[in-house]
Amino acid sequence: MVTAAAGSPKPSPRTVTPTVETVLAFVNTRADGSGRRELFGDGDSFAAWLAERDEFGGETVATDADAAVARELRDALVTVLLAHSGDEESLGEPLLRAERHLRRVGALYPLAPVVTAGGVELASPQAGVPRVFGTVLAAVTTFAQTSEWGRIKACRNPPCHFGFFDRTRNGGGLYCSTGCGSQVSMRKHRQRQRHGSGAPSEA
């Protein structure tokens, strides 16, 4: 359940809210080829991950088919987050496919407003794994309403693509860490050298 309390102050653009944490926890479950392992590989691994996450309802029975649906939802979200980072390979048709998929998921796992004197909460009326997907969609929807949705990004350094919250003042961050930024700069430098356009070394 994701809350948007009435009368609460708007979070700073550089504040990681619970909704942001929910989105990032879900998208940062993929293998990256450099040490991170796939956490949604099958039903057992998906269920094990859910058992450690209270915001998704804790221990839940999950099948291999559920894990496949989770991967598809996650990958669509990662494509959107890469678009937030200006990743050219994610724009155009890949982004359109991801957005179409998210619309289908939204129709399958609808949300319900829970209105109280203290505010309004978006929650999934479903149970089990469908509630998990609804919780992710609720977090996305709630945070997007703050106008800071574009600050949730995926690292442009392939194959990292790690989801992160851009805390920079101007929202211009492209990488999840200085290490990834340095790797991209080094690759570009080597490419320029291979093409004969690198500047002579001053060392």
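Since we're looking at a predicted model, the values are computed, not measured.

Caption draft 1: Examining the overall build of the chain more closely. When you go through the chain residue by residue, the secondary structure sums to six helices and five strands. Looking at the chain as a whole, 39% of its 203 residues qualify as buried. A sequence separation of at least 24 residues applies to 56% of the contacts in the chain between residues at least 6 apart. Carbon and sulfur atoms make up 53% of the accessible area of the chain, which amounts to about 11,200 Å² in all.

Caption draft 2: Structural view of the confidence of the model for the chain. Per-residue pLDDT for the chain averages 87, and the proportion of residues at 70 or more is 88%. Low pLDDT, under 50, characterises residues 4–9; the predicted model gives this stretch seven contacts beyond four residues in sequence or across chains.

Caption draft 3: Geometry of the nonpolar core. Grouped together as the largest cluster of nonpolar side chains are 41 residues, with contacts concentrated most on Phe-26, Phe-46, Trp-49, Leu-73, Leu-77, Phe-133 and Ile-152. Of all the elements, helix α3 (residues 64–84) adds the most residues to this core, at 10 residues. If sequence neighbours within four positions are ignored, Leu-77 has contacts with Phe-26, Val-27, Leu-102, Val-136 and Val-140.

Caption draft 4: A look at helix α4 (residues 93–108). Its 16 residues place the ends of α4 23 Å apart at the C-alpha level, agreeing with the 22 Å of an ideal helix rising 1.5 Å per residue. Of the surrounding secondary structure, the elements contacted by the buried residues of α4 are α3 and α5 (128–144).

Caption draft 5: Here's a closer look at the pairing of strand β2 (residues 112–116). Bridge count between β2 and strand β3 (residues 119–123): five bridges; the pairing is antiparallel. Directly across from Val-114, in β3, lies its bridge partner Glu-121.

Caption draft 6: Representation of the pairing of β3 in the model. Only one face of β3 is buried: it carries Gly-119, Glu-121 and Ala-123, and the other face, with Val-120 and Leu-122, is open. Counting the residues between successive antiparallel strands, the hairpin from β2 to β3 contains two residues.

Caption draft 7: The arrangement of the packing of aromatic side chains in detail. Evaluation of the coordinates by the stated rule reveals nine aromatic pairs. Ring geometry for Phe-26 against Phe-40: centres 5.4 Å apart, planes inclined by 50 degrees, an arrangement best described as tilted. Of this pair, Phe-26 sits in helix α1 (residues 18–27) while Phe-40 sits in the loop between α1 and α2 (43–51), and the two are 14 residues apart along the sequence. Using a relative accessible area of 0% as the deciding quantity, one classes Phe-40 as buried. Note on Phe-40 and Trp-49: the rings are 5.1 Å apart at their centroids and 75 degrees apart in plane angle, and the pair reads as edge-to-face. An aromatic cluster of three or more residues is present, and its members are Phe-26, Phe-40, Phe-46, Trp-49, Phe-56, Tyr-109 and Phe-133.

Caption draft 8: Quick look at the pattern of salt bridges. Overall, the coordinates contain eight salt bridges when judged by the stated rule. Here Arg-74 makes a salt bridge to Glu-38, at a shortest N to O gap of 2.8 Å. Of this pair, Arg-74 sits in helix α3 while Glu-38 sits in the loop between α1 and α2; the two residues are 36 residues apart in sequence, bridging distant segments of the chain. Taking relative accessible area as the criterion, Arg-74 reaches 2% and is therefore assigned buried.

Caption draft 9: Spatial organisation of unusual backbone geometry. Following Pro-158, the chain continues into Pro-159 via a peptide bond in cis, with omega recorded as 0 degrees. With respect to the secondary-structure elements, Pro-159 resides in the loop between β4 (152–154) and β5 (163–165). Positive phi, normally seen in glycine, also occurs at His-161, with a value near 50 degrees. Examined against the element boundaries, His-161 turns out to sit in the loop between β4 and β5. Overall, His-161 belongs to the buried group, its relative accessible area being 17%.

Criteria and cut-off values
Residues numbered from 1 in each chain as written. Predicted model: local features only at pLDDT ≥ 70, side-chain atom pairs only at ≥ 80, totals over all residues. Heavy atoms only, no water. Helix = DSSP H or I, 4+ residues; strand = E, 2+ residues; numbered from the N terminus. Buried < 20%, exposed > 50% of the residue type's maximum accessible area, 1.4 Å probe, protein only. Contact = heavy atoms within 4.5 Å. Areas by Shrake-Rupley, 256 points an atom, 1.4 Å probe, with all protein chains shown as cover. pLDDT = per-residue confidence, 0-100. Core = buried A, V, L, I, M, F, W, Y, C linked by side-chain atoms within 4.5 Å. Expected span 1.5 Å × (residues − 1). Pairing = 2+ DSSP bridges. Phe/Tyr/Trp six-rings, centres within 6.5 Å; stacked < 30°, edge-to-face > 60°. Salt bridge = Lys/Arg side-chain N within 4 Å of Asp/Glu carboxyl O.

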